[in-house]
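Read off the chains here:
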Amino acid sequence: MASHLFFHSQTDMMQRRTLLPFCGRFLWRGTYVSIRTDSQFVLLAAEQAGLLPQAACDSESDMHWEIACEWGGTASGSDSMCRAIADVHSLFLSMGREQWFALDLETGDGAGFIVVPQDDACGDPGAVKYLRDLTHNIANFMGNEMGRNERS
Amino acid sequence: MSAADTVETALALSTQQVLFAGHAIEIRTNSPQVARCAQQYFNPIQHVESNPTASRASITIHVRDTDELCDNAPFFRARGHFALARFTRGDSFWLNLRTREIVGECSAELADDSRRWRAHIFPALLGILSAAIDVAPVHAACLVREGRGILLAGHSGAGKSTLTIAMARRGYALLADDWTYLSATEDSGARADVQAWGLPVPVKLLPDADAFFGELLAFRTDCSLNGEIAYEVWPEECFGISRSLRSAVSSVVLLERASKQGCSMIPIARGKAVAHLQAEIEPLEGTLAECYKRQLDLIQHAVEGAPCYRFSFNDHPDRVAETLDRALASVS
């Protein structure tokens, strides 16, 4: 990468290819969402954030999200202000310097990183807040868009 | 729950179309400083004859009031067809590679820092975008003489930049010292003409290069994007050498440091050169897998018909450049 400007492709410094072995499928506002992640705590946090767990992950879903962990990152997840930027096709959420989530509004595909303390042994309140911020902002944005479409 | 501050990025005041590796890209911004910087940065590229039909990608940059620090703090992550690039503590640049759109926001202080835009921000963003617009960035310098492009490939530390400057001082035009962008000139099929393109970025030389190039002593070393202390100088200004913006690839030279003093050049199979260049491309999966495959094809096509060599060297850069220059002249 320019990405090549700061790393060599073999090292995957953008951590694009982190394996995400865990998967959960949820019902959220009438939509099936599958979440792939490398920490079961993210799936637990999704549940605590209000997403309803469903059966097997390989069943069809409307939205596919990938959330990779930034283990031992420096940004605190629990007190980070969420900032949203939207354009026609995407919604981008920044929750601190190292936490983010991006959603493709056309395909429902989403991806991001969450900061998890290295010694996370019993879940992380920051993860719940991350999922709450994420769902709150997506719901807000989609609600606004639908309102706009109805008005126009 | 904290309320999110949603920014509508459509409030751009300035829109311009620029060319990157032969592809039209639309840049929109609400900042006169960023607009001016983009215009200056891409101006040389716009002079190249080209008939872009429609923008292949867009970059929208929103400058906002913030007192966040503008210190050097690069952070890059990617997942699926998304990427996030940060250069300081007060900026964010988001990429959706499926839609080929970049949306960014930064402070007024960063907007005004034209050096950072030219040296780091534009090249990094375009590099990440490359796969989505069918451009293959290869880790190689490129020099041009009489319309013939020579790719000098080598791993970091092989001495690409130093040798490139030494060669450019012998009359070669500099296309790139580190990353060269391969792109098909038309989308007419598998036999499209593949060209090498450069970006007007500074040349990065490690501090010990001033032992060979006295001109560097008039400049200061600084912290580069990857944290290395280095000279980052504009080659026209520092060395008085000329730039070339694009060229066909006429030969490929794989650089290798030798343990014994001296220089030698031997022909190698084209497949070896192709494999070397392809190995430096970041493998992409999922929705970007096809983009990655096209990047590999671009490299294959670019090197087709180009003789390839391995050049081993261990000597003063000027002597190395002289030997390589002669060797290339004897085989052309």
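Criteria and cut-off values
Residues numbered from 1 in each chain as written. Chains lettered and ligands numbered in written order. Predicted model: local features only at pLDDT ≥ 70, side-chain atom pairs only at ≥ 80, totals over all residues. Domains from an automatic or database assignment. Contact = placed C-beta atoms within 7 Å. Helix = DSSP H or I, 4+ residues; strand = E, 2+ residues; numbered from the N terminus. Pairing = 2+ DSSP bridges. pLDDT = per-residue confidence, 0-100. Buried ≥ 20, exposed ≤ 12 C-beta atoms within 10 Å, placed from the backbone.

Visitor: Sorry, what's going on with the domain arrangement of chain B here?
Guide: All names here are of chain B. Structurally, chain B comprises domain 1 (14-133) and domain 2 (136-331). For domain 1 versus domain 2, the distance between C-alpha centres works out to 24 Å. Contacts between the two partners involve 23 residues from domain 1, matched on the other side by 24 residues from domain 2. Counting only elements with at least two residues in the side of domain 1 that touches domain 2, the list comes to helix H1 (32-46) and helix H3 (114-129). Counting residues per element, the side of domain 1 that touches domain 2 draws most heavily on H3, which supplies seven residues.

Visitor: Sorry, what's going on with the interface of chain A and chain B here?
Guide: As a measure of interface size, the accessible area lost when the parts come together is often cited. Listed as interface residues are 40 residues of chain A and, on the opposing side, 43 residues of chain B. Put simply, the parts of the chain that give the side of chain A that touches chain B at least two residues each are helix H1 (3-6), strand E4 (63-71), strand E5 (82-86), strand E6 (90-95), strand E7 (100-104), strand E8 (109-116) and helix H3 (125-151) of chain A.

Visitor: Explanation requested: the sheet that holds strand E17 (residues 229-233) of chain B in the structure shown.
Guide: Residues and elements named next belong to chain B. Across the sheet, which stays open at both edges, the three strands sit in the order E15-E17-E16 with antiparallel pairing between neighbours. Of all strands in the sheet, those with a lone pairing partner are strand E15 (203-205) and strand E16 (222-223), marking the two edges. With two bridges joining them, E16 and E17 adopt antiparallel strand pairing. Bridge pairing in E17 links Cys223 to Ile229.

Visitor: When you look at the confidence of the model for chain B in this model, what are you seeing that I'm missing?
Guide: Low-pLDDT stretches of the model should not have their predicted coordinates read in fine detail. Considering every residue of chain B, the mean pLDDT works out to 89; 89% of them sit at 70 or more. Confidence estimates for the predicted assembly give a pTM of 0.90 and an ipTM of 0.87.

Visitor: Looking at this model, I keep getting lost on the pairing of strand E14 (residues 194-197) of chain B. Mind explaining?
Guide: Residues in a regular strand point their side chains to alternate faces of the sheet. Residue and element names in this part refer to chain B. Side-chain alternation along E14 places Val194 and Ala196 on one buried face and Gln195 and Trp197 on a second face that is also buried. Where strand E13 (residues 180-184) and E14 come together, four bridges link them in antiparallel fashion. Across the sheet, the residue bridging to Ser183 is Gln195, located in E14.

Visitor: I tried to follow the environment of B:Trp117 on my own but got confused; where do I start?
Guide: All names here are of chain B. Turning to its location among the elements, Trp117 is positioned in helix H3. Between the C-alpha atoms of Trp117 and Asp67, which are 50 residues apart in sequence, the distance is 19 Å. The contact partners of Trp117, leaving out residues within four places of it in the chain, are Val34, Cys37, Tyr41 and Phe122.

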